[in-house]
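The residues making up each chain are set out below.
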Amino acid sequence: MNTGPRNVSTRPRRLRVSPLIFVFSALYGALAALVFCFSGAFGDFGEHPLRDAGLVVVTLISSLALTYISLLVHTYLARRANRSGNSETLSWHVMIPCRDEESVIAETVSAARTTFPGLHVWVIDDDSEDATASIVRNLQDFDDKVHLISRRRPNARTGKGHALNAAYRVIAEATSEDPRQRHRTVIGVLDADGFLSGNALDLLAGPDAFGEDTVGAVQLEVWMKNRGDRLPRPLSGGFKNLLGRTLIRMQDIEFRTSNSAMQMLRVKTGTVGMGGNGQFTRLSVLDDLDADYGQPWGKKLSEDYELGLNIMTRGHRTHYIPEAHVSQEALPFTRRLLTQRTRWAQGNMECAELLPSLRRSGHLRGSGWAEIHYFMGQPWLLMANLLLGPILFVLALTEGRVGFASGSSVQWIALLAAVFLILPYFLWGILYKYLCREDISLLSSIFYGLSYLFYVYLTYIYYPRAMARIVSGRTAWAKTARNADGTRLLPLSALREELLALPLLDAEIITSLAEELDGAEDFARELVNTFGLIWPRRWANLRLAAAAEDHTATVDALASIRVASEMLGAERLAQTARDLGVHLDAVDYSALRRDLPMISAVGEQTVEEIRGRFVTV
Amino acid sequence: MQDIPRALIIEDDDDIRRLLEMVLTQAGFAVDAVPNGEEGVARAAASPYALLSVDVGLPDIDGLEVVRRVRPSFTGRIVMVSARSAESDQSSGHAAGADLYITKPFRPRELKQKFLDLVAADAS
């Protein structure tokens, strides 16, 4: 996209954590000591040394947690916006590792290529057994910036890091040896279901990100693209769909509020972590890591977080941009979610062994040291709380200290619960409504805030599981299934005969289009090719809008399909869109959802027809 | 030498945007194009365009809102090109400040003529 120069300051900004945090920390420490040690609700301090030790530990953990959360909330509320730059000053590539991603890969490639005309998309097929590779090859027919890297066993399926390293080698060899060019070449990583926001490259090129020479890697905010889905578990009943919807919202809240706040804080402490999907790194930085470690991405389960730590160890800055995002599919299934989180937790904990080299590098300042050690220590602090909390509570109960009939103890417990257990998590639901500008009611945000409280406590399930796996040496993981896997499509015999009678492409209309463009057949051919490339994105837009029952978005998505089809003479697709429009006029979303596979099938047929007629291989 | 008139296209559909670029280029305009409303508003304010082509259904802000924001300080012509074809949609477009409301699908030759007529009316 052509973007002109902008009238903004290009001086780099260095943010710092306010020293006031020490005052807050002391205050929270005093409050926690008052509640746990000196209120008498959990025993008289000084009577039992073991219990005293437990109370001190709980006091420390609680005051640390409150200090940390205060920092997060302050950073989140008092953020400074990242500045835009001109994306044309840099060369852009994204790598998409894939293993059996046929249900999502077309729309991801289509969205990336049609949103960013200069972006090269490298799909790494890690020996898929489904149609992933052929789908990508088909898209290559329409676009020479779509690339496919095929890996085969025994060299394939050896981990995401290896797949990324293989693609790095291909891009590195295809790029000029000139160090300045390699410094200006940026390589991103996208999940197979990842959509970048339209402002992503301009913000990545800005003076707070790659416009600043010392920045080596940048992570974008993560959104959940199915956050509005009304039926995320289409084969299940009302309760499971309610649970699925809530789980999806929880993941969206998590990534856009508390996780985003953590990353914003890390911008100040110099410890921004890389999260895989939506992470971008300079080619020159990957070259540095390749020289140091023999390959940029390592072997840890969280190869993305490992990469970020190694980048910091090498002395490059990492940055975070919340104003641009990558959206991915959230999981509406509790079991799959727990499995995914256990894998992430195990991967992050594995990375603790990289901390000594980061400390020795001298590139960690005091606040960064504190942040990263607190983050890596959190699982252990949580586990200490998990053990000590119930023990101290049961002791207090058996000694009759927590008499729910007696006024003073009840008040203490209520205060403790509100300040230490509920408020720090509940508030993110409210912030989500007002700062993320999500179109939800205040009541919904309160519900989400309370749900988030329970959601956060899932950590008490997956951290112990991750620890158990580390102890037992289990590191093998199955790939998380996509929500759409196995839920499509309908047989073509279901198409009406009148529909089948219509041509997929009316050659006369394309000819007349070329004539009207003053005989510019190349232009007409380009338009037809663009239609083939853009179709998966158009289909995804319609599917997501209809799933969310977002009427305006659904009307626009369907109109986009109809208009583009009518202009190119794709009559069968245009008529299918008009037929679906009838359901939309009647606001009948269940009928629309039922017929969606039909437009998907006709769209695919149309693209095949275009390929057959216009693509010369 | 006479300056070449400039046109800005605000349209999120890549193929339609490309088609509009072709039509406007053939009509003699120097063309810029952006895929969303916010960027369009900023560009329209920053440069002296003779013509603005705005889609209604944009991914960030509504095209009608784009026209409302741009119109007070914009001296050129504004054309809304949209798939929304109801009478009320056209009225909303004119009320927001559009000079012309064209419904999609369109034929390139016809559209080119409408653009030329609109700008020619200014010249005369």
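Residues numbered from 1 in each chain as written. Chains lettered and ligands numbered in written order. Predicted model: local features only at pLDDT ≥ 70, side-chain atom pairs only at ≥ 80, totals over all residues.

Draft legend 1. Layout of the overall build of chain B. The secondary structure content of chain B amounts to 5 helices and 5 strands. What you see in chain B, going N to C, is helices and strands ordered as β-α-β-α-β-α-β-α-β-α. Relative to the 2.2 N^0.38 estimate, which gives 14 Å for 124 residues, the radius of gyration of chain B is 13 Å and therefore close to what a compact globule would have. Oriented by its inertia axes, the alpha-carbon framework of chain B measures out at about 40 × 30 × 30 Å. Across the 124 residues of chain B, 48% fall into the buried class. Look at the contacts in chain B between residues 6 or more apart in sequence, and 57% of them connect residues 24 or more apart. (Helix = DSSP H or I, 4+ residues; strand = E, 2+ residues; numbered from the N terminus. Rg over C-alpha atoms; globule rule 2.2 N^0.38 Å. Buried ≥ 20, exposed ≤ 12 C-beta atoms within 10 Å, placed from the backbone. Contact = placed C-beta atoms within 7 Å.)

Draft legend 2. Highlighting the pairing of strand S1 (residues 6-10) of chain B. Residue and element names in this part refer to chain B. The element S1 is largely enclosed, with a buried count of 4 among its 5 residues. Taken together, the 5 bridges between S1 and strand S2 (residues 30-34) define a ladder with parallel strand orientation. Across the sheet, Ala-7 pairs through a bridge with Val-31, a residue of S2. What joins S1 to S2 is helix H1 (residues 14-26), and the crossover it makes is right-handed. Bridge analysis of S1 against strand S3 (residues 51-54) gives 4 bridges, and the strand direction is parallel. When the bridges of S3 are listed, Leu-8 appears paired with Leu-52. (Pairing = 2+ DSSP bridges. Right-handed = clockwise from strand over helix to strand, strands pointing away.)

Draft legend 3. Geometry of the domain arrangement of chain A. Residue and element names in this part refer to chain A. Each assigned domain of chain A is listed with its residue range as follows: domain 1 (20-78 + 375-456), domain 2 (87-364) and domain 3 (492-614). A C-alpha centroid distance of 34 Å is found between domain 1 and domain 2. Every contact between the two is made by 16 residues of domain 1 and, on the other side, 16 residues of domain 2. Those elements giving two or more residues to the side of domain 1 that touches domain 2 turn out to be helix H2 (49-77), helix H13 (366-398), helix H14 (407-435) and helix H15 (442-456). For the side of domain 1 that touches domain 2, the element with the most residues is H2, which contributes 5 residues. Residue classes in the side of domain 1 that touches domain 2 are distributed as 13 nonpolar, 3 polar and no charged. (Domains from an automatic or database assignment. Nonpolar A, V, L, I, M, F, W, Y, C, P; charged D, E, K, R; others polar.)

Draft legend 4. Representation of the nonpolar core. Residue and element names in this part refer to chain A. Membership of the largest hydrophobic core comes to 179 residues, with the highest contact counts inside it found for Ile-96, Ile-124 and Leu-204. Looking at this core, the element that brings in the most residues is helix H19 (residues 521-547), giving 14 residues. Not counting chain neighbours up to four residues away, the residues in contact with Ile-96 comprise Thr-108, Val-121, Trp-122, Val-123, Ile-124, Leu-190 and Ala-192. Core analysis: the next-biggest nonpolar cluster, separate from the first, contains 5 residues, Ala-345, Met-349, Tyr-462 and Tyr-463 among them. (Core = buried A, V, L, I, M, F, W, Y, C linked by C-beta atoms within 7 Å.)

Draft legend 5. Region of the structure containing the UniProt feature "domain: Response regulatory" (unreviewed entry) in chain B. As recorded in UniProt, the sites labelled "domain: Response regulatory" (unreviewed entry) are residues 6-119 of chain B. Helix makes up 46% of residues 6-119 of chain B and strand 21%, with an end-to-end C-alpha separation of 11 Å. (UniProt positions renumbered as here; feature names shortened; annotations may be inferred.)

Draft legend 6. Structural detail: the UniProt feature "modified residue: 4-aspartylphosphate" (unreviewed entry) in chain B. All names here are of chain B. The positions that UniProt labels "modified residue: 4-aspartylphosphate" (unreviewed entry) are, in the present scheme, Asp-55. The residue Asp-55 is located in the loop between S3 and helix H3 (63-70) in this model. A residue is classified by how many C-beta atoms lie within 10 Å of it, and Asp-55, with 29 of them, is buried. Leave out the neighbours within four places in its chain, and Asp-55 touches Ile-10, Glu-11, Asp-12, Gly-63, Val-81 and Ser-82.

Draft legend 7. Here's a closer look at the interface of chain A and chain B. Counting residues at the interface gives 23 residues for chain A, matched by 21 residues for chain B. Listed by contribution, the elements that provide at least two residues to the side of chain A that touches chain B are helix H18 (507-516), H19 and helix H20 (551-568) of chain A. Among the elements that make up the side of chain A that touches chain B, the one with the highest residue count is H20 of chain A (8 residues). Residue composition of the side of chain A that touches chain B, grouped by class: 11 nonpolar, 6 polar and 6 charged.

Draft legend 8. Structural view of the confidence of the model for chain B. On average, chain B scores 89 in pLDDT, and the residues at 70 or more come to 97%. Here the predicted complex scores 0.88 on pTM and 0.88 on ipTM. (pLDDT = per-residue confidence, 0-100.)

Draft legend 9. Quick peek at the UniProt feature "transmembrane region" (unreviewed entry) in chain A. Residue and element names in this part refer to chain A. Per the UniProt record, "transmembrane region" (unreviewed entry) is annotated on residues 20-42, 54-77, 380-398, 410-428 and 440-463. Taken end to end, residues 54-77 comprises 100% helix and 0% strand; its first and last C-alpha atoms sit 34 Å apart. For residues 440-463, the helix share is 83%, the strand share is 0%, and the end-to-end C-alpha distance is 31 Å.

Draft legend 10. Just the sheet that holds strand S6 (residues 215-224) of chain A, in detail. All names here are of chain A. Reading across the sheet, the 8 strands line up as S3-S2-S1-S4-S7-S6-S8-S5 and stay open at both edges, with mixed pairing between neighbours. Lying at the two open borders of the sheet, with one neighbouring strand each, are strand S3 (146-151) and strand S5 (195-196). With 6 bridges joining them, strand S2 (residues 120-126) and S3 adopt parallel strand pairing. Across the sheet, residue Trp-122 finds its bridge partner in S3, namely His-147. The sheet strands contacting helix H8 (residues 238-269) are S6 and strand S8 (317-328), and the helix crosses S6 at an angle near 155°. Running over the sheet, helix H9 (residues 283-293) touches strand S4 (185-189), S6 and strand S7 (279-282) and is turned about 75° from S7. (Axes fitted to C-alpha atoms, helices over the stretch in contact; angles between N-to-C directions.)

Draft legend 11. Summary view of unusual backbone geometry. Following Arg-153 of chain A, the chain continues to Pro-154 of chain A via a peptide bond in cis, the omega torsion being 15°. In this structure, Pro-105 of chain B follows Lys-104 of chain B across a cis peptide bond, with omega equal to 0°. Of note, Pro-105 of chain B is situated in the loop between strand S5 (100-103) and helix H5 (108-123). Even without being a glycine, Asp-100 of chain A presents a positive backbone phi close to 55°. In this structure Asp-100 of chain A comes out as partly exposed when scored by C-beta crowding, with 19 C-beta atoms within 10 Å. We note that Glu-549 of chain A has phi near 55°; this positive angle belongs to a residue other than glycine. Glu-549 of chain A sits in the partly exposed class, given 17 other C-beta atoms within 10 Å.

Draft legend 12. Region of the structure containing the sheet that holds S5 of chain B. Residue and element names in this part refer to chain B. Taken in spatial order, the 5 strands make up an open sheet running S2-S1-S3-S4-S5, and their pairing is parallel. At either end of the open sheet lies a strand with only one pairing partner, and these are S2 and S5. Each adjacent strand pair in this sheet contributes to an overall mean axis angle of 20°, direction not counted. Note that S3 and strand S4 (residues 77-82) share 4 bridges and pair parallel.

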